[in-house]
Structure formats: C-alpha cells, structure tokens
Amino acid sequence: MAKMEVKTSLLDDMIGVGDMVLLEPLDEDSFINNLKKRFDHNEVYTYIGSVVISINPYRSLPIYTPEKVEEYRNRNFYELSPHIFALSDEAYRSLRDQDKDQCILITGESGAGKTEASKLVMSYVAAVCGKGAEVNQVKEQLLQSNPVLEAFGNAKTMRNDNSSRFGKYMDIEFDFKGDPLGGVISNYLLEKSRVVKQPRGERNFHIFYQILSGASEEFLCKLKLERDFSRYNYLGLDSARVNGVDDAANFRTVRNAMQIVGFMDHETQSVFEVVAAVLKLGNIEFKPESRANGLDESKIKDKNELKEICELTGIDQSVLERAFSFRTVEAKQEKVSTTLNVAQAQTKVRKKVMGVLDIYGFEIFEDNSFEQFIINYCNEKLQQIFIELTLKEEQEEYIREGIEWTHIEYFNNAIICDLIENNQTGILAMLDEECLRPGTVTDDTFLEKLNQVCATHQHFESRMSKCSRFLNDTSLPHSCFRIQHYAGKVMYQVEGFVDKNNDLLYRDLSQAMWKANHSLIKALFPEGNPAKINLKRPPTAGSQFKASVATLMKNLQTKNPNYIRCIKPNDKKAAHIFNEALVCHQIRYLGLLENVRVRRAGYAFRQPYEPCLERYKMLCKQTWPHWRGPARAGVEVLFNELRIPEEEFSFGRSKIFIRNPRTLFKLEDLRKQRLEDLATLIGKIYRGWKCRTHFLLMKKCQVVIASWYRRYSQQKKYQKIKSSTITVQSYIRGWKARKQLRELKHLKRCNEAATVIAAYWHGTQARRELKRLKEEARRKHAVAVIWAYWLGLKVRREYRKFFRANAGRKIYEFTLQRIMQKYFLEMKNKMPSLSPIDKNWPARPYLFLESTHKELKRIFHLWRCKKYRDQFTDQQKLIYEEKLEASELFKDKKALYPASVGQPFQGAYLEISENPKYKKLKDAVDEKIIIAEVVNKINRANGKAASRIFLLTKNNVLLADQKSGTIKSEVPLGDVTKVSMSSQNDGFFAVHLKEGSEAASKGDFLLSSDHLIEMATKLYRTTLSQTKQKLNIEISDEFLVQFKQDKVCVKFIQGSQKNGNIPTCKRKNNRLLEVAVP
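This text gives an overview of the structure that appears in the document. (Residues numbered from 1 in each chain as written. Predicted model: local features only at pLDDT ≥ 70, side-chain atom pairs only at ≥ 80, totals over all residues. Heavy atoms only, no water.)

1. With respect to helix α28 (residues 874–890)
Put simply, the rule is: In this text, helices come from DSSP runs of H or I with a minimum length of four residues, and strands from runs of E with a minimum of two, each type numbered from the N-terminal end. Expected span of a helix: the number of residues minus one, times 1.5 Å. In what follows, a contact means two residues having at least one pair of non-hydrogen atoms within 4.5 Å.
With 17 residues, α28 extends 24 Å from end C-alpha to end C-alpha; this agrees with the ideal 24 Å at 1.5 Å per step. Check the buried side of α28 and you find it contacts α29 (897–901), β22 (976–981), α31 (1012–1027) and β25 (1032–1035). Looking one or two residues beyond α28, the residue adopting positive phi is Asp892, at roughly 65 degrees.

2. Remarks on the sheet that holds strand β27 (residues 1046–1054)
Short version of the rule: Being paired, for any two strands, means DSSP has found at least two bridges between them. Note on geometry: axes are C-alpha line fits, over the in-contact stretch for helices, and angles between N-to-C directions span 0 to 180 degrees.
The mixed open sheet is built from four strands, whose spatial order is β26-β27-β29-β28. Of all the strands in the sheet, the pair left with one neighbour each is β26 (1038–1043) and β28 (1064–1069). Strand-to-strand twist of the sheet, defined as the mean angle between neighbouring strand axes without regard to direction, takes the value 30 degrees. Pairing of β26 with β27 involves six bridges; the strand directions are antiparallel. Within the sheet, the bridge partner assigned to Phe1039 lies in β27 and is Val1050.

3. Examining the pairing of strand β17 (residues 655–658)
Pairing geometry for strand β15 (residues 605–608) and β17, over four bridges, is antiparallel. Its bridge partner lying in β17, Arg606 is registered against Phe657. Pairing geometry for strand β16 (residues 649–651) and β17, over three bridges, is antiparallel. Note that in β17 the partner of Phe651 across the bridge is Ile656. Linking two consecutive strands that pair antiparallel, namely β16 and β17, is a turn of three residues.

4. Some words on the environment of Asp986
Cut-off, in case you're wondering: Burial classes follow relative accessibility: with a 1.4 Å probe on protein chains only, a residue under 20% of its type's maximum area counts as buried, one over 50% as exposed, and anything between as partly exposed. Side-chain atoms alone can form a polar contact between residues adjacent in sequence; in general such a contact is a pair of N or O atoms within 3.5 Å, and within protein one must be able to donate a hydrogen while the other accepts it.
Positionally, Asp986 belongs in the loop between β22 and β23 (988–993). With a relative accessible area of 2%, Asp986 lands in the buried category. Separated by 76 residues in sequence, Asp986 and Ile1062 have C-alpha atoms that sit 8.3 Å apart. Contact partners of Asp986, with chain neighbours within four places excluded, come to Lys894, Leu896, Leu1012, Phe1052, Pro1063 and Val1077. At a separation of 2.4 Å, a polar atom in the side chain of Asp986 contacts the side chain of Ser982. There is a polar contact of 3.0 Å between the side chain of Asp986 and the backbone nitrogen of Phe988.

5. Remarks on the pattern of salt bridges
This is how the line gets drawn: The term salt bridge refers to a pairing of a side-chain nitrogen on Lys or Arg with a carboxyl oxygen on Asp or Glu at a separation within 4 Å.
Inspection of the entire model under this criterion finds 39 salt bridges. Between Glu850 and Lys854 there is a salt bridge, and its shortest N-O distance comes to 3.4 Å. One end of the pair is Glu850 and the other is Lys854, both in helix α27 (residues 850–869) and four residues apart, which spans about a single turn. Taking relative accessible area as the criterion, Glu850 reaches 30% and is therefore assigned partly exposed. The class for Lys854 is exposed, based on a relative accessible area of 55%.

6. Some details on the environment of Lys857
Inspection of the secondary structure puts Lys857 in helix α27. According to the relative accessible area criterion, Lys857 is partly exposed, its value standing at 41%.

7. Points about the nonpolar core
Put simply, the rule reads: Among the buried residues, those of types Ala, Val, Leu, Ile, Met, Phe, Trp, Tyr and Cys that are joined through side-chain atoms within 4.5 Å form a nonpolar core.
Counting 131 residues, the largest nonpolar core has Phe31, Leu35, Phe373, Ile427, Phe481, Leu556 and Phe639 as its most contacted members. In terms of residue count, helix α13 (residues 370–401) provides more of this core than any other element does, 11 residues in total.

8. Considerations on the packing of aromatic side chains
We apply this condition: Pairing of aromatic rings covers Phe, Tyr and Trp, the last counted by its six-membered ring, and requires centre-to-centre distances within 6.5 Å; plane angles under 30 degrees mean stacked, over 60 mean edge-to-face, and any other angle means tilted. Note on criteria: charge over ring means Lys NZ or Arg CZ within 6 Å of the ring centre, with the direction from the centre no more than 35 degrees off the ring normal.
This model, assessed by the stated rule, comprises 25 aromatic pairs. Pairing Phe1039 with Phe1052 gives two aromatic rings, centres 5.8 Å apart and planes at 40 degrees, and the pair type is tilted. Here Phe1039 is found in strand β26, whereas its partner Phe1052 is found in strand β27, with 13 residues between them in sequence. This pair shows no difference in class: Phe1039 is buried, exactly as Phe1052 is. Positioned over the ring face of Phe219 is Arg255, at 4.7 Å from the centre of the ring. Here Arg711 stacks its cationic end above the ring of Trp708, 4.0 Å away from the centre of that ring.

9. Concerning the sheet that holds strand β24 (residues 1005–1008)
Taking strand neighbours across the sheet as the criterion, the eight strands line up as β21-β20-β19-β18-β24-β23-β22-β25 in an open arrangement whose pairing is mixed. Bordering the open sheet on either side are β21 (967–972) and β25, each of which pairs with just one other strand. The average angle at which neighbouring strand axes cross in this sheet is 30 degrees, direction not considered. The sheet contacts of α31 involve β18 (929–938), β19 (945–953), β20 (956–961), β22, β23 and β25, and relative to β18 the element is tilted by about 125 degrees.

10. Things to note about unusual backbone geometry
With an omega dihedral of -10 degrees, the bond running from Glu24 to Pro25 counts as a cis peptide bond. Along the chain, Pro25 falls in the segment before α1 (28–40). Cis geometry marks the peptide bond from Trp624 to Pro625, where omega comes out at 0 degrees. For Pro625, the position within the fold is in the loop between α23 (609–616) and α24 (631–642). Phi is positive for Tyr58, which is not a glycine, with a value near 55 degrees. With respect to the helices and strands, Tyr58 occurs in the loop between β2 (51–55) and α2 (66–72).

11. Comments concerning the packing of helix α10 (residues 303–313) against helix α11 (residues 317–325)
The condition that has to hold: Between 65 and 115 degrees an angle is taken as roughly perpendicular, under 35 as roughly parallel, over 145 as roughly antiparallel, and anywhere else as oblique. By definition, turning the near helix anticlockwise from the far helix through less than a right angle yields a left-handed crossing, and turning it clockwise yields a right-handed one. Note on residue categories: nonpolar means Ala, Val, Leu, Ile, Met, Phe, Trp, Tyr, Cys or Pro, charged means Asp, Glu, Lys or Arg, and polar means any other residue, Gly included.
One way to put it is that α10 packs onto α11 with a least axis distance of 9 Å and a crossing angle of 120 degrees. Comparing their axes, α11 and α10 come out oblique. The hand of the α10/α11 crossing is right-handed. Listed contacts from α11 to Lys303, Leu306, Lys307, Ile309 and Cys310 of α10 are Gln317, Leu320, Glu321 and Phe324. Each residue belonging to the contact of α10 with α11 can be placed in one class, and the counts come to five nonpolar, one polar and three charged.

In structure tokens:
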C-alpha cells in the first residue's frame, strides 16, 4: 500500500468479502469462491468475525515486514485488511491493557501452515512488547525455542516437508507492563512410532539427518557416528535428502538456538549422545536360540553396536543386554510414598499469560487408526469449546450492549464427545477395560464390546450395530467401525488399537536405563528407580491423552480465546494453485460454515458509533460535514434519514448492530456513490480555486511587469540623452585639443629646425678635426714602422755572425713547441664532461693538428668509458653484455629491436619461487631458471594461440601449462638448432629442433612473446655457454617450420587489424600459415 493511502476499514478496497459474516448468499460454493478470489489476489487471510482463516501461499509474501508490524500496531481489529498481525495485536493489547489471559488456537491439517502461523504470532508479540536487555533475552529465547522443537518433533511427510508430529501448547508469561518473562511448553501425542518406522517417501525426525549432515568429523567421532545415512536402519534412504532443505545449516541453527534457550554445553552434549544412541539402537539385530529346557530365547548378533551404545549412555553392557533379552514379572504389594519438593510445594505469583496452541487438525485418511481416533477426539473437544466460547462471547456482548439475546440453534457435538470419553460407556473407557481384563485380548474382542455397548448410539456404526444402514455395504468391513464426527463420518481400523493403547515399557528396560551413568537418560526414566517401584499398571495412552485434553480444555476455558484456522490450498506444495475439492474438504471438517452461521445468527455486523458515524456521515445533510452532538444521536439521525427498516438494526450502549449484510452493503453502495459526488464537488471547487488563483497571479504579474517596463523605458530615455550629451562634449573637446596640437606642432618644428642646423654644423667641424687627426696619426705610424725596420736591419747585421746553418729549424721547432704548449693548456680548460654520451669536443685551432685532435678525442672517449665501466656491479655488467649481444644480433635487422633497448632484461617475470600457484612447477625444475615468461604457442591446425609458461634453464628449454603448472615439453639446449623470426614489429619466433632427437618427435615450436628480443638473446648466450657453438638466428619474413612430418611455411605480411595493433595468425592451407602484422 502506498504511504499516502490510509485505510480506515476492512471494507475499503475490499477484494471479495474480507469478513465471511458479511457473505451473501452464504453457502459452501460462495464460501469457497470468496476464498479463491482473495487467494488469487495474494489475500491469504480472511475473517469470520474475530476468527482468522489462513491459507498457506507456499511462497514468501511481502506482508510480514517491520513496516507491516508498525501498521497493525495498536489498531482496531476491523480497521485494516484481514491479517494474522491484527489478531495478534488484539490478543496482546487485551492481555496488557485489560489484564485478560489470552489463548490463540491454531488448527488445520498437516501442511496448512500452523507452525509458521505460530512463529508469526510469536514474532509479532516479540516485536511490539517492551525493550531492554533482559526483555530482549527472553524474547530471543522464546523465538529460538521453535528451531529446537522443530528439530526434535518435526519430520518430512508426503504432505509437508516440515510437518509437526506432535501437538504443542506454549504459555508465554508477561509481567504487569506486558513484557515477557518466560514460557512453558506442553506437547501432546508425539508420534513415537516414526522413530522406528516411516512410510515410503517420508523421513524420520529432522534431528537425525541434521546431526549427520552438519556435525564436524570430530564431533561425530565422539558420538561414534558415521556421516553415511545408509549405515542406520532407522533412516529411510528413499527421501533422505529434501530439495531446498540444508540439514547442515539447520544443525548449526539448532545448536545456536539451544545455547540461546539456556542449554549448557554438557547438557547439549548429553542430548546429542541420546540421539546417537537411539540411531544405533536401530542397528541391533537379534537371532533365535534354543535353551536346554527347550524354550526359545533371543541373542544379539553383533555386540559392537551394543558396546558403543553402552559407552555413550554409561550403562553396563551385561545389564543392557539382559534387559533386551529378558523380562521380569513381580507380584508384590508394595507402596512407596514420596514428598513434594520445594519447587512443587511453593505457590506461584500471578502473571499474565498468553497461550499459543499449535495442534493437528481433523484427520480423515484411507486407513485411520488409533492416532487418528484420538486426534479427532481432541478436535471434537476443541470444536465443542469453540462453539461454547463463541456463543458465550456473543451472549456477553449482547448483554453488555443491552441487546435482547435470542437462542441460536446449532449442532452441539457434546453427544459425540460423550460417546468417546464417557467414563462408563465411552469408547476410550471400553478400550482401557479391554486392555486391563485378563484372558485373551485382541482388537476383535474390543470391536465386539463396542458393538454391545454402543450399538444403539446414533453416531456410532459398525457391521453389527443397530444404527448401521450398511449391513450389506462392503465399504464398512467387519474389522472397522465408523463415527459420525461434526466434520463428517470417519471409518477406523481397529487393528492395533489395543497395542497402541497399552504403550508399555517393560520394567527391566526402565531399570537398566535408570542405572546409566548418563544424567539425562537417568532423568528420563525415573520409574526405573528401585526405591520408587510401583507395581500398579501404568495408565494407557488413551487415558493419558484424555487427561491431558481435559487439562488443556480447563486451561483454555480460563482464557480469552482467539482462533486461527489454517487451510492447505493444494497437495503439491506449490504456489498459485487452489484445489477447490481439497479446500472444501477442510472447510467441512473445520466447521467454518457452522462458525459463520453461529456468528450471524443474531446480528451479522456491529460497529462502535464513532467510526460508524465517521464512515457514513456524508449520507445525511444533518451530519455532514460535522456533527456536534453525541455519536449515537448522529447515527440515529443518519439511519432515520436513510429510512432503513427498524428490524434491520438495533442500538446498543456503544455500538450499532446490523442484522443483515445486505443492509451494510447498501450503506457501502450509498457511501461509494456519495463519495463520487463529493469527489466531483471537490474537483469543481478545486478547479474554481485554481482558476481564481491563476487570475490573481496573472494580475499581480501584469502590475509588476508594467512597473518594470516603465522603469526600463525611462532608463533607456535617460541613457539616450546622456549618450548624446557625452558625444557633443567629446566633439568640442576634440576640436580644442586638435587646435592646441597644431600650435604645439608648429612651435616644435621651429625648435627642431634650429637644432638640426646646429647639429649639422657641429658635425662638419668634428669631421674636419677627425680628418686632421687621422692624417697626423698615419705620419707618426709610418715613422715608427720605418724606425722598427731600421732597428731590425741593424740587429740582423750585428748578430748574423752568431747564427749557424740550422738555425731556421730550431726556430721552427721552438715555435711549434710553444704552439703545442698553448694548444694543450687551452684543451685543459675546454675539456668536456665524463659522460660517455656527451659528444661535445673543443674546435681544432690549427689545421696541422687535425690528426692529433681526432686521436685525442678518441683516447679521451675510451678513457672516460673505462672510468664509467669501473663503476658497474657484476650484475650490471651481465645486463650490458646481454644488451650488447642483442645489439649485435638484432640492430638494423629486427624492427622490434629499438623498442627493447630501453627495457631492462628481467628474466623472471612470473616469480615462480614466490607464487604458491606454481609450487608444483618449482618442485619439478631443479636447475636455476634463467627466464620464466608466459608465451603463446601457435596451433598449426588453426593458427590459434594457447598460453604456455616458457622456462629457460642452463641445460633445457621447458614449456608448461599455465593453469596447472604441468610440464608439457622439455628440450635439451643441444637439440635446439636454430631460431627463426621476421624482420617486422611482431613477437612471433620459431624454435627449430635437431632432426631425429626425442624432442623433435612433435615438430618445431612456433611461439609468440612480448619479450622476444630478451628471450632470443638469453637463449643464444646460454646455448653458446653450454654447447660452445653459436646458435643460428635467422631473420626473414618467410621461413619453414617442421610440424611432425610436414613442413609449413610461415609468411609475414603487412595488414590492418580488427583487434588493434596485435599481430594475428591465420591458417591459409596445409602448407601455409600467414601472420598479419600491423
């Protein structure tokens, strides 16, 4: 429902009829059709007054969210759509505010959703009650009790994967504030026979499968169990696994729930030890033996299982074996008296209580036995108290409201209950008497007794009863009897009635259990205590169940009842399927039509005056839109105005009572029509208001726009005048400025003319003076030169006698030495840096030093290279040697080489020693790995690539699988003859193997790598180091590769690629592989 949608009644937007009391006409077909219509629209809840009908949708619906809880919290029961939360809230508020103990009775057949309904009730109560650490702990314990009860009491059946095999009644105790204090759980008629035998297609109790699936190996070993289901005879194998059920996860949930509920660790261990012992009991087999006196006895075949059971339970093996094989009969008249303990003797403080009863519904099968008999007896009692409490509630409301109570005719099933439970002539009494009497007792003698005692009862039929009209009807066999229950006739097979009613446990077994050192088993069998032996025969199963039902009925009568009737829509446990025949069958035995008839026998609908007036006040002018007086007076005026017949309604003290649903639906139709008229009126008024508002807004906008326009117009006029004024001023200022400029220019030209004339005059004078000075300087220089030459001549004449014939050569050598000295001193100051890549060198000063200059440059470069190399470590020297080798092999030959120069050679790209993924590969390779890289191995068949790990060691080349690390190929370096590659910018290369070698059996390898230059260089150097022979590196755009027996040509071509700049390989024919390189 959208957030703005607010429902004030279940009549709003009703799908079908939300309350069956308002159904018209009331018959079985209309009842079923109404349920089906609501079910098809995901409305799984329907009311019968205060009773909730719940249909199992077999899927998750978004109607149980925290938002839904808040929606139904503190709301009137009929205020919102039918929901289990509405009933839960009504019960909780009555308990909290009115101090009335409540009980919620949940009934229906297996698979109808009773257990889920009880969970929803408890979860709602837990959500709306108080908060706090202690309160939250109690709420969590109450909620977590469900997984524990389901594990030990639920099982998969043909009808339900989580069928409750016991009746459960939980009393939740609250304090005066409405906060939970704790709970008490009672169970009824646990299906004990399921432990030892299950029908085909069904399972044992959940706990057996959960412990085997979810317990750890260590825990199973402690319990002496194995995980295999087939090892245990008590577990049926045909349905051991259930789709959608995770037994292992459920086991963890159960253990956690047991801890939250309050089980200590040793108590949980004790419980699971008992479960394990029960499982192993099913594996014990007996074999017959003859004693010396001729009597037969039984012995245990394999005592290993018995030994393990004794170790789990702490029972002496001989004691347990004797208890299994012998029976002791005693005939002593002893009487033991025991006193009450403190817990039993002290009285309890009064608390508020809410009971939740989750019990099996009426059962009618093809073969009905003792279990169905007592289940149907319980449902008869529940139907009896249901009718009584419903009538009592109706009568109390009529008296409280001052309405005259009229007697309601209905079927009273007290006669059926008396037929079953009468202490003298009841069927249960006859069954107990038959079980206790001496002599031969069989199921047939029990049936004969019933035929004698109950022959005249109108609800009992058998082949021999006087009321039976089917003496010749083969549908009623001799070994059966039929009871006409309130829900229909049920035929019971008497076979097994006596044995199931006895339900005896021999004293030998109980005493053996009591002797156990296991505290839980000892507590489970208090009757085995020798100090408390009671020779009185224990009560029968029927009498025990009768007493527990009587206690339950007494408990329910002290509480205010609330009912949830669960219905299963189909037997397939599938969503969206509504089987009308199956639903009709359940409606009959749940007595839902009878419930509706009782509810509407007087007045079908009642409602407090305030919400009634609020809902229908628009139908009368006097009450619309507001009524100022009392609500009752307003309702009276309203009904008088509508002229509703007086016999159709009555006025109570606080409620209006409407007799016929047609009257209510007439009111609803009038209300719907009036709402449409009101919607039209509201629309008209709204449109008028909207138009007026729009007009006023337009008028206001016009005034604002006009004022703004007038201001804009005046601004534009002012700006135009201002612009004109500025233009005129600028013209006048310009004229004045130009006039002044002309005057200044004339004055400036006059001043400049005088300056220019003076400058020219000064220049002429300066040039004349300069010319005179130059002439005088030339004369002085000529005198100095002549004088120098004269002095030189004199010197040469004076010293000529001192020079010998080779004086010229010495002068030449002296001059040359001085020139060289000067050259080297200048070189010292102009020397370049010590970087080997620095190409700077000083310019040559003299032509005759050309060769010397070049040699010095070469020597200096070699010297600084040596200085640079001396700084290298051994590892760096090896890297540069490899780079130098790569340069000699691929420079100017392979287009891929320039891109590899700046990339360091790493070798180990995969880190095999550190990556745990390659542990297997590391263990397989003993040698040092020189290079480890992922390459693509080309398939010659289709040209496609497969990833491989390429490993190069000192002696071998290896190819391994990238995912598993398994070595695919291992080639000695001596068998590698050549490596071929193209001259283009690609990473493809072929490794050629020696013909006739073991490695060459599959042919050469055609590979592709992103580090081709490094791989080829390292392979070349390693091969040279090991074999002392140079590996042939062939660089060609077309070469042959040997594949097994065939030679295939690999051809490299230029071409555009769809996948970017990645080279692709494609098979053209059997002899050609074409590689397209971008």
